Amino acid sequence: MKMAASGMAGMLIVTLIPKSSSGQRIHNIEEMKHVPDWMDHYYAYVVDTTKCIGCGACARACKRENDTPDGYSRTWVERYQITDTGHVYIDSPDGGINSFPPKDVEGNVIKGFFVPKLCNHCRNTPCTQVCPVNASYESPQGVVLVDKKVCIGCGYCVQACPYDTRYIDPRTHTADKCTWCYHRVTKGLAPACVTVCPTKARIFGDLKMKNSQVREIIDNQRVMVLKPELNTEPYCFYIGLDRAVR
Amino acid sequence: MEASSLATIHKGDDYCLDCHEPEWDMADAKHANVPCESCHFLPKPHAIATDKADPAIKAKADGGKYVKLELMPIDKTEQPCLNCHIFLPSRPAKFPQIKDQAKHKKDGWKKTMGEVDTKAPCGRCHNSHFPKAFSKGVA
């Protein structure tokens, strides 16, 4: 895998240069300036639920960036509304891709928040363990990926994921999931959802970098993971997670 | 296809700022964190190098080529604003939100323009880059 990865880096530089119709380079885009050494990174993701406003920009960006089929989403936003009657209302219309229309609930909302969800890129991941053909694997940078050339679309991983982040792509009949925009992060860019978040509720970074924001947050702030009782060791961390969140 | 070899779609603000000087002081603008792509759609090559002169040509590129500029589309409806600013109880309380759109427009117009037009889009009173409403007489 190491050989394949380092070989790819050289190829990417060429394909990234945007060219005009006459072949002349016009933009000197940022991604050209950073070609990372792939093996020197270990990524993590932080979601600050106290900042999320539920605008849905992340879900829209993910759909555009990764061309996910209609009705499927690699990331989505859930709305939680807890009323004074003790009810917890959870909804996510179309994954929050068109933001959230106001919703009438019984009683007064005493506590409300949005929780963006995505693949947790677990270290002890159930999805790769159940794959009968080893199509699901963990990259050296800590990103869980699916090799679509190997995947037979049996759907075991879709059932095994406790976070419901996988789906079978109806076009290719193979498993698909959030890759933390692997094609972007390997070029030194942040995932699309992080790039477009207007309140910086989504933070992505490299744990091996000393000044990385995710490392600082995980080291100094009180962070939580989803379903810790399952011992999946997610590398997607949450700030301000409520007990109502499942 | 290797997961890493896919083309990037979202370019980020740096892509735009390579050519465009920001018209505002990013540090002061409340929308400095809102990416260009949120309202201006995905960046596409709209500076096209050509060999011949054209009325639309406004600049010259390196190597003596002319650059033809095409306007980027922009969503001028209320929807991009409301995606973030319509009132929802789940949003952080400190985030600026509009509870009653009709009332907001009525009160806002009285304050800034002296007359009421509830059909006007958000851009009539607010500059997207500096969202603070225009003062009276400045439109």
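It should be emphasised that the depicted structure is a prediction, and the values quoted were computed from it without experimental measurement.

Conventions we followed
- Residues numbered from 1 in each chain as written.
- Chains lettered and ligands numbered in written order.
- Predicted model: local features only at pLDDT ≥ 70, side-chain atom pairs only at ≥ 80, totals over all residues.
- Heavy atoms only, no water.
- Helix = DSSP H or I, 4+ residues; strand = E, 2+ residues; numbered from the N terminus.
- Buried < 20%, exposed > 50% of the residue type's maximum accessible area, 1.4 Å probe, protein only.
- Areas by Shrake-Rupley, 256 points an atom, 1.4 Å probe, with all protein chains shown as cover.
- Lys, Arg positive; Asp, Glu negative; His and termini not counted.
- Salt bridge = Lys/Arg side-chain N within 4 Å of Asp/Glu carboxyl O.
- Polar contact = N/O pair within 3.5 Å; in protein donor to acceptor, adjacent residues only side chain to side chain.
- Contact = heavy atoms within 4.5 Å.
- Phe/Tyr/Trp six-rings, centres within 6.5 Å; stacked < 30°, edge-to-face > 60°.
- Core = buried A, V, L, I, M, F, W, Y, C linked by side-chain atoms within 4.5 Å.
- Patch = residues over 30% accessible without salt bridge, like charges linked within 9 Å, V, L, I, M, F, W, Y side chains within 5 Å.
- Pairing = 2+ DSSP bridges.
- Axes fitted to C-alpha atoms, helices over the stretch in contact; angles between N-to-C directions.

Caption draft 1: Structural context of the overall build of chain B. For chain B, the helix and strand inventory stands at four helices and three strands. Ordering the α and β elements of chain B from the N terminus gives α-α-β-β-β-α-α. Of all 139 residues assigned to chain B, the portion counted as buried reaches 26%. Surface summary for chain B: the accessible area is close to 9300 Å², and the carbon and sulfur share equals 57%.

Caption draft 2: Region of interest: the side chain of Arg166(A). Residues and elements named next belong to chain A. Here Arg166 shows up in the loop between helix 4 (156–160) and strand 7 (167–169). One buried charged side chain, Arg166, makes no salt bridge at all; its nearest oppositely charged neighbour is Asp176, positioned 8.2 Å away. A distance of 2.9 Å separates the side chain of Arg166 from the side chain of Ser136, its partner in a polar contact. Non-local contacts of Arg166, meaning those with residues more than four positions away in its chain, are made with Cys127, Ser136, Val144, Val146, Cys157, Val158, Ala175, Asp176 and Lys177.

Caption draft 3: Seen up close, the packing of aromatic side chains. Residues and elements named next belong to chain A. Under the counting rule described, the total for this entry stands at nine aromatic pairs over all chains. Measuring from ring centre to ring centre gives 5.8 Å for Tyr42 and Tyr235, while their planes differ by 85°; the resulting arrangement is edge-to-face. With Tyr42 in the loop between helix 1 (2–16) and strand 1 (43–48) and Tyr235 in the loop between strand 10 (223–224) and strand 11 (236–239), the pair connects residues that are 193 residues apart, well separated along the chain. What makes Tyr42 buried here is its relative accessible area of 19%. Here Tyr80 and Phe113 contribute two aromatic rings whose centre-to-centre distance is 5.2 Å and whose plane-to-plane angle is 15°, an arrangement assigned as stacked.

Caption draft 4: Structural detail: the nonpolar core. Tyr45(A), Leu118(A), Trp180(A), Phe204(A) and Tyr238(A) are the most contacted members of the largest nonpolar core, which totals 36 residues. Within the residue set of this core, elements represented by two or more residues are strand 1, strand 2 (76–83), strand 4 (109–117), helix 5 (182–185), helix 6 (192–196) and strand 11 of chain A. When near neighbours in sequence (up to four residues on either side) are disregarded, Tyr238(A) contacts Val47(A), Thr49(A), Val115(A), Pro116(A), Lys117(A), Leu118(A), Asn120(A), Arg222(A), Val223(A), Met224(A) and Leu226(A). Among the nonpolar cores identified, the runner-up in size contains nine residues, and Ile53(A), Ala57(A), Cys181(A) and Cys84(B) belong to it.

Caption draft 5: Representation of a nonpolar patch on the surface within the structure. Residues and elements named next belong to chain A. On the surface, Val133, Val150 and Ile152 cluster together to form a nonpolar patch covering roughly 220 Å² of accessible area. Examined against the element boundaries, Val150 turns out to sit in the loop between strand 6 (144–146) and helix 4. Note on Val150: relative accessible area 34%, which makes it partly exposed.

Caption draft 6: Representation of the sheet that holds strand 1 of chain A. All names here are of chain A. Here four strands make up an open sheet; going across it, the order is 9-1-11-10 and the pairing mixed. Bordering the open sheet on either side are strand 9 (202–206) and strand 10, each of which pairs with just one other strand. Strand direction decides the pairing type here: strand 10 and strand 11, joined by two bridges, are antiparallel. Within the sheet, the bridge partner assigned to Met224 lies in strand 11 and is Tyr238.

Caption draft 7: Spatial organisation of unusual backbone geometry. Residue and element names in this part refer to chain A. Backbone geometry at His173 places phi at a positive 60°, although glycine is not the residue there. Locating His173 in the fold gives a position in the loop between strand 7 and strand 8 (174–176). Positive phi values are uncommon outside glycine, yet Glu233 reaches one of about 55°. Within the secondary structure layout, Glu233 lies in the loop between strand 10 and strand 11.

Caption draft 8: How the structure looks around the pairing of strand 11 of chain A. Residues and elements named next belong to chain A. Of the two faces of strand 11, the one holding Cys236 and Tyr238 and the one holding Phe237 and Ile239 are both buried throughout. In terms of strand pairing, strand 1 meets strand 11 through four bridges, oriented parallel. Its bridge partner lying in strand 11, Val46 is registered against Phe237.

Caption draft 9: View of the environment of Arg166(A). Its relative accessible area of 5% is what places Arg166(A) among the buried residues. Linking Arg166(A) and Gln81(A), residues 85 residues apart in sequence, is a C-alpha distance of 26 Å.

Caption draft 10: Geometry of helix 2 (residues 57–66) of chain A. All names here are of chain A. Burial within helix 2 is extensive, with seven of its ten residues counted as buried. Turning to helix 2, its buried residues are Ala57, Cys58, Ala59, Ala61, Cys62, Glu65 and Asn66. Check the buried side of helix 2 and you find it contacts strand 2, helix 5, helix 6 and strand 9. Two residues or fewer past helix 2, Asp67 is found with a positive phi of approximately 50°.

Caption draft 11: Fine view of the sheet that holds strand 3 (residues 88–91) of chain A. Residue and element names in this part refer to chain A. Judged by pairing direction, the sheet is antiparallel, and its three strands sit side by side in the order 3-2-4 without closing on themselves. Edge positions in the sheet fall to strand 3 and strand 4, since each of these pairs with one other strand and no more. Neighbour to neighbour, the strand axes of the sheet diverge by 15° on average, direction disregarded. The pairing of strand 2 with strand 3 spans four bridges and is antiparallel. Residue pairing for strand 3: Arg79 is matched across the bridge by Asp91.

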